[in-house]
Amino acid sequence: MEKVDHIGIAVRSLENSLPYYTDILGLKLIHIEEVDSEKVRVAFIDSGNVKIELLQPIDETSTIHTFIEKRGEGIHHVAFGVKNIQERLDELKEKGIRLIQETPKRGAGGAEVAFIHPKSSGGVLYELCDKSRGAK
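As a starting point, this report considers the structure included with it.

What counts as what
- Residues numbered from 1 in each chain as written.
- Predicted model: local features only at pLDDT ≥ 70, side-chain atom pairs only at ≥ 80, totals over all residues.
- Heavy atoms only, no water.
- Core = buried A, V, L, I, M, F, W, Y, C linked by side-chain atoms within 4.5 Å.
- Buried < 20%, exposed > 50% of the residue type's maximum accessible area, 1.4 Å probe, protein only.
- Helix = DSSP H or I, 4+ residues; strand = E, 2+ residues; numbered from the N terminus.
- Contact = heavy atoms within 4.5 Å.
- Pairing = 2+ DSSP bridges.
- Patch = residues over 30% accessible without salt bridge, like charges linked within 9 Å, V, L, I, M, F, W, Y side chains within 5 Å.
- Areas by Shrake-Rupley, 256 points an atom, 1.4 Å probe, with all protein chains shown as cover.
- Salt bridge = Lys/Arg side-chain N within 4 Å of Asp/Glu carboxyl O.

Describing the nonpolar core
Looking at soluble globular proteins, one finds that nonpolar side chains tend to be buried together.
Consideration 1: Formed by Ala 10, Val 35, Val 40, Val 42, Phe 44, Leu 55, Ile 64, Phe 67, Ile 68 and Ala 108, the largest nonpolar core amounts to ten residues.
Consideration 2: Among the secondary structure elements, those contributing two or more residues to this core are β3 (40-46) and α2 (63-71).
Consideration 3: Aside from chain neighbours lying at most four places away, what touches Phe 67 is Ala 10, Gly 72, Gly 74, Ile 75 and His 76.
Consideration 4: In terms of nonpolar packing, the next biggest core, distinct from the first, is built from nine residues, Val 11, Leu 18, Tyr 21 and Ile 45 among them.

And the structure:
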């Protein structure tokens, strides 16, 4: 793990949540995009040393929708920046770590991503995020 790349926060509405980060906290919105594979709209916010990723579900089949219904809005995951994501996943699996994905998939900004199951990490959902192939 190289660094914390971003912190994912589940929200019901980007439009309602963004003013807190931009107007109240004075942080800069980087960009908004849809991630069809996860059925979410995401807004990346620059907070200096780590980005904040707001995640709004597009529909009721989104895992973010399910998360909000069970737990409410709030921190969803912490993402670590890595290189050679498949090697990192293989190393974790060899160490007995339970993974949600054993192979990476395309995430926001074109990054390759995969998640570590919270049952292997003290109840915290961690994402591995590889931007080494030109992702934003």
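Looking at the sheet that holds strand β1 (residues 3-10)
Consideration 1: Read from one edge to the other, the open sheet built from eight strands follows the order β2-β3-β4-β1-β5-β8-β7-β6, with strand pairing classed as mixed. Unpaired on one side and paired on the other, β2 (28-35) and β6 (105-106) mark the two borders of the sheet.
Consideration 2: Strand direction decides the pairing type here: strand β5 (residues 74-82) and strand β8 (residues 126-130), joined by five bridges, are parallel. Of the residues in β8, the one forming a bridge with Val 82 is Asp 130.

Description of a nonpolar patch on the surface
Consideration 1: Together, Tyr 20, Ile 24 and Leu 25 give the surface a local cluster of nonpolar side chains, amounting to about 320 Å² of exposed area.
Consideration 2: Tracing the chain through its elements places Tyr 20 in helix α1 (residues 14-24).

Describing unusual backbone geometry
Consideration 1: A positive phi angle, near 55°, is found at Lys 39, a position not held by glycine.
Consideration 2: Mapped onto the elements of the fold, Lys 39 is located in the loop between β2 and β3.
Consideration 3: In this structure Lys 39 comes out as partly exposed when scored by relative accessible area, which is 35%.
Consideration 4: Positioned with a positive phi, Asn 84 is a non-glycine residue whose angle comes to about 55°.
Consideration 5: Relative to the helices and strands, Asn 84 resides in the loop between β5 and α3 (85-94).

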